[in-house]
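One-letter residues, chain by chain:
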Amino acid sequence: MSTTTFAAVSAVKRRSPSGFDADISPQWTIGGKPNGGYLLALVGRAAVADREHTDVLAASAHYLRSPDPGPADVEVETLRTGRAASQVRGRLVQNGKTCVEALFTVGTLVPGATYWQDGLPPAPLAAEATFRVPSTTPVGVPVAIMEEIDVRFDPESARVFSAGPSGHGELRGTLTLPGGEPFDPVSLLFAVDAFPPATFDIAATGWVPTLELTAYVRARPAPAPGPLRVLHRAHLIADGRVDESCHLWDSTGTLVAQGTQLAGIRLG
């Protein structure tokens, strides 16, 4: 795995009260295009910089165009400052064109037991995830990001690389950052988009570009060692678009983040 930390590749540098410099890494790409969750994390770093509220609680991003690896600008605007939470608008701009537009709710995550829940799927078993996802998709698209992170599938999900899709539209496994770096609320914005598309379990496709991504950060991952456990599902494919959901649990079984996205897809 890479020795470059996620904190380093998602870092931004303030150049004005509302402007930041960013450097989009070519290693965090799929087919040469930056991963959508990675881009959201870049904007998220700027959204919480030097704030009383340091944790991203929710984020929603629209992807207008795909930037190239290299320098980019991040612009932030405080929409409201509240006692328990604040709202921030952020955008990633390259060569004068907006590439990502995002809204954030930021606050402070407080440890505590879950009061109530219903309908959440069970967490995958980390011990079953032994197949490391390669840096090439089943149709031959290079995925440089898989050289940086460690994504592992359970035996059923691994079949997409050996026996082909099952038709269930579900991938289960684990996710580890470079060097076992611990996850924080901003890197969880990346994590909800780190798995290969769940559509790989439906049909062999090329790049599945994200159109809109929403993430909720529910808790800080426990400091206990171990990867995140991931369940990634596709729900509906229609009119060249697919919606997917992703749930993430830490090594103690606590749900730490969940995301939904709408993406484009080409079949056949």
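As the structure is a computational prediction, the values presented were derived from the model and not from experiment.

A.B. asks: Whenever I open this one, the overall build of the protein confuses me. Can you help?
C.D. replies: When helices and strands are tallied, the protein shows four helices and 15 strands. Against the compact-globule benchmark of 18 Å for 268 residues, the protein has a radius of gyration of 18 Å, which places it among compact chains. Taking the principal axes of its C-alpha atoms as reference, the protein extends roughly 55 × 45 × 40 Å. Expressed as a percentage of the 268 residues in the protein, the buried residues total 50%. Sequence separation of 24 or more characterises 67% of the internal contacts of the protein that already satisfy a separation of 6 or more. Total accessible area on the protein is roughly 12300 Å²; 52% of this is exposed by carbon and sulfur atoms.

A.B. asks: What am I meant to see in the environment of D250 here?
C.D. replies: Along the polypeptide, D250 turns up in the loop between β14 (241-249) and β15 (255-264). Judged by its relative accessible area of 3%, D250 falls in the buried class. Considered as a pair, D250 and V192 are 58 residues apart in the sequence and their alpha carbons are 13 Å apart. Among all residues touching D250, those that are not within four sequence positions of it are R220, P221, A222, P227, L228, R229 and V256.

A.B. asks: Explain the layout of surface pockets here, please?
C.D. replies: A water-sized probe rolled over the atoms picks out the places where empty space is left. For the largest pocket, the calculated volume is near 630 Å³. Residue lining of the largest pocket: 21 residues in total, with G112, T114, R218, A219 and L255 positioned closest to the centre. In terms of residue class, the lining of the largest pocket is made up of 11 nonpolar, six polar and four charged. Within this model, the second largest pocket holds a volume of roughly 500 Å³. In this structure, the second largest pocket is lined by 35 residues; those nearest its centre are I30, W207, V208, P209 and T210. Secondary structure elements with two or more residues in the lining of the second largest pocket: α2 (36-47), β12 (210-217) and β15. Looking at side-chain class alone, the lining of the second largest pocket contains 23 nonpolar, nine polar and three charged residues.

A.B. asks: Quick question: what am I supposed to make of the packing of aromatic side chains here?
C.D. replies: Pairs of aromatic rings are described using the distance from one ring centre to the other and the angle between the two planes. One pass over the full model with this rule turns up eight aromatic pairs. Geometrically, the ring pair formed by W28 and F190 is edge-to-face, given 5.3 Å between the ring centres and 75° between the ring planes. You can see W28 sitting in the loop between β2 (19-24) and β3 (29-30) and its partner F190 sitting in helix α4 (residues 185-191), a full 162 residues away along the chain. For the pair shown, W28 and F190 are each scored as buried. Between F153 and F161, the ring centres sit 6.3 Å apart and the planes meet at 40°, which makes this aromatic pair tilted.

A.B. asks: What am I meant to see in the environment of A11 here?
C.D. replies: With respect to the helices and strands, A11 occurs in the loop between α1 (6-9) and β1 (12-16). Classification of A11 as partly exposed rests on a relative accessible area of 39%. Separated by 13 residues in sequence, A11 and I24 place their C-alpha atoms 9.6 Å apart. What A11 contacts, discounting residues up to four positions off in sequence, is D21, A22 and L42.

A.B. asks: I'm lost on unusual backbone geometry in this one. Help?
C.D. replies: Most peptide bonds are trans, and most residues other than glycine sit at a negative phi. Here D50, not a glycine, exhibits a phi torsion of approximately 55°, which is positive. Assignment of secondary structure puts D50 in the loop between α2 and β5 (55-63). Within the chain, D239 stands out as a residue other than glycine whose phi angle is a positive 55°. Within the secondary structure, D239 sits in the loop between β13 (228-238) and β14.

A.B. asks: In this structure, what is going on with the nonpolar core? I would like to understand it.
C.D. replies: As a rule of thumb, soluble globular proteins bury nonpolar side chains together. Formed by 62 residues in total, the largest nonpolar core has its most connected members in L40, L92, F104, I149, L188, F190 and L248. Per-element accounting of this core gives the leading share, eight residues, to α2. With residues up to four places along the chain from it excluded, the contact list for L188 reads F183, V217, A219, P221, L228, L248, V256 and A257.

What counts and what doesn't
Residues numbered from 1 in each chain as written. Predicted model: local features only at pLDDT ≥ 70, side-chain atom pairs only at ≥ 80, totals over all residues. Heavy atoms only, no water. Helix = DSSP H or I, 4+ residues; strand = E, 2+ residues; numbered from the N terminus. Rg over C-alpha atoms; globule rule 2.2 N^0.38 Å. Buried < 20%, exposed > 50% of the residue type's maximum accessible area, 1.4 Å probe, protein only. Contact = heavy atoms within 4.5 Å. Areas by Shrake-Rupley, 256 points an atom, 1.4 Å probe, with all protein chains shown as cover. 1 Å grid on protein atoms, 1.4 Å probe; cavity = no way out; pocket = protein on both sides within 12 Å on 5 of 7 lines; lining within 4 Å. Points joined across faces, edges and corners; volume = space filled by probe spheres on them. Nonpolar A, V, L, I, M, F, W, Y, C, P; charged D, E, K, R; others polar. Phe/Tyr/Trp six-rings, centres within 6.5 Å; stacked < 30°, edge-to-face > 60°. Core = buried A, V, L, I, M, F, W, Y, C linked by side-chain atoms within 4.5 Å.

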